[in-house]
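Remarks on the overall topology
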Amino acid sequence: MKNGIANDVVLIDAGGANLGSVRYALERLGVDARIVRDADGLHDPQRVILPGVGAAKPAMDLLRERGLDVALGALDAPLLGICLGMQLLFDASEEGDVACLGLLRGTVRRMQGSAGLRVPHMGWNTLETIRGSALLDGIATPAHAYFVHGYAAPVTDDCIASCTHGEPFATCVERGRIAGMQFHPERSADLGSRLLANFLRWDPA
């Protein structure tokens, strides 16, 4: 740790297109993250981030092929899932009807569109805080984040912030050392930078 911020940070390559942009967002915070593509590369990191843009089944197939499904569950370090990466933390996803990592309870389901309501959900939307968390320190309300997704996780007891697009869905989750953000912090300006910094300082013990 340096100045209270984790400096040994691992980015998991699960085939997501946003890997480079998340790495750049961390560089702006003074962190040079390691890219890890298989379980052998994890070693003993201080923080692990699972970003993702794409579909649940190919991402889970890749994690299983590389032994990362088991390794991520056995970590001692805090783990943050971003966008698809957050969805993969749950039990299962309707996208490809796939079993996921099972670190959080619930099933990710397709968002329901309607007249005038576009799916995928793309653009800025308002976060609604459900309960306090160190991950949300310094976040003023209303806060706005940038989303791109067609599937969403349910609002459960693990949800610390939600959003509404036709119906409420989880946008920030926390249980033990596991955390997730459905939106893209790397594209959410000062809000996203603050949330990433909070994760780098987060002590879930």
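Residues numbered from 1 in each chain as written. Predicted model: local features only at pLDDT ≥ 70, side-chain atom pairs only at ≥ 80, totals over all residues. Heavy atoms only, no water.

1. Considering helix α1 (residues 19–28)
For the record, the criterion: Only protein chains enter the accessibility calculation, which uses a 1.4 Å probe; a residue whose area is less than 20% of its type maximum is buried, one above 50% is exposed, and one in between is partly exposed. Secondary structure elements follow DSSP: runs of H or I no shorter than four residues count as helices, runs of E no shorter than two count as strands, and numbering proceeds from the N terminus. Working note: the arc is built from the helix axis to C-beta atom directions. The contact criterion used is simple: two residues touch if any of their non-hydrogen atoms lie within 4.5 Å.
Taken together, the buried positions of α1 are occupied by L19, V22, A25 and L26. Projection of α1 onto a plane perpendicular to its axis shows the buried side chains occupying an angular sector of 125 degrees, all on one side. Summarising the geometry of α1, the exposed residues directed more than 90 degrees from the buried face are G20 and R28. Lining the buried residues of α1 we find β1 (9–12), β2 (34–36), β3 (47–50), β4 (79–82) and α5 (189–201). Among the residues trailing α1, G30 stands out with phi positive, at a value near 90 degrees.

2. Describing the nonpolar core
Stated formally: In this text, buried Ala, Val, Leu, Ile, Met, Phe, Trp, Tyr and Cys residues form a nonpolar core when linked through side-chain atoms within 4.5 Å.
One finds V9, L26, I49, L80, F183 and L191 to be the most contacted residues of the largest nonpolar core, which totals 37 residues. Ranked by residue count, the leading element in this core is α5, at five residues. In contact with L80, other than residues within four places in its own chain, are V48, I49, L50, A179, G180, M181, L196 and F199. Counting 33 residues, the second largest nonpolar core, distinct from the first, contains I12, M60, L72 and L79.

3. Side note on the sheet that holds β4
Keep this limit in mind: Each pair of strands is called paired provided DSSP finds at least two bridges between the two strands. Every axis corresponds to a line fitted to the C-alpha atoms, with the helix fit spanning only the stretch in contact, and the corresponding angles, defined between N-to-C directions, vary from 0 to 180 degrees.
A sheet is described by the order of its strands in space; here nine strands give the open sequence β2-β1-β3-β4-β13-β12-β11-β8-β9, paired in mixed fashion. Either end of the sheet is taken by a strand with one partner, and the two such strands are β2 and β9 (143–149). Within the sheet, the average angular offset between the axes of one strand and its neighbour, ignoring direction, is 30 degrees. One ladder, built from three bridges, connects β1 with β2; its direction is parallel. From the neighbouring strand, L11 faces β2, where its bridge partner is I35.

4. Side note on the sheet that holds strand β7 (residues 104–110)
Strands sit in the order β6-β5-β7-β10 across an open sheet of four strands; the sheet is mixed. Sheet topology places β6 (98–99) and β10 (151–152) at the edges, where each strand pairs with a single neighbour. Pairing analysis gives three bridges linking strand β5 (residues 90–93) to β7, with the strands arranged parallel. Each residue of the ladder has a partner; that of A92, found in β7, is T107.

5. What about unusual backbone geometry?
For the bond from V119 to P120, the omega torsion is 10 degrees, close enough to zero to count as cis. Among the secondary structure elements, P120 is positioned in the loop between β7 and β8 (121–129). The amide bond that connects T141 to the next residue, P142, takes the cis arrangement and shows omega of 0 degrees. At D97, a position not held by glycine, the phi torsion is positive, near 50 degrees. Within the secondary structure layout, D97 lies in the loop between β5 and β6. With a relative accessible area of 71%, D97 lands in the exposed category. One non-glycine residue with positive phi stands out, namely A189, at about 55 degrees.

6. Re the side chain of R177
The condition is simple: Polar contact is the term for a pair of N or O atoms within 3.5 Å; when the atoms are in protein, one must be able to donate a hydrogen and the other to accept it, and sequence-neighboring residues count only if both atoms are side-chain atoms.
Within the secondary structure layout, R177 lies in the loop between β12 (167–175) and β13 (178–181). There is a polar contact of 3.2 Å between the side chain of R177 and the backbone oxygen of A77. If sequence neighbours within four positions are ignored, R177 has contacts with L72, G73, A74, L75, D76, A77, P78, L79, W202 and P204.

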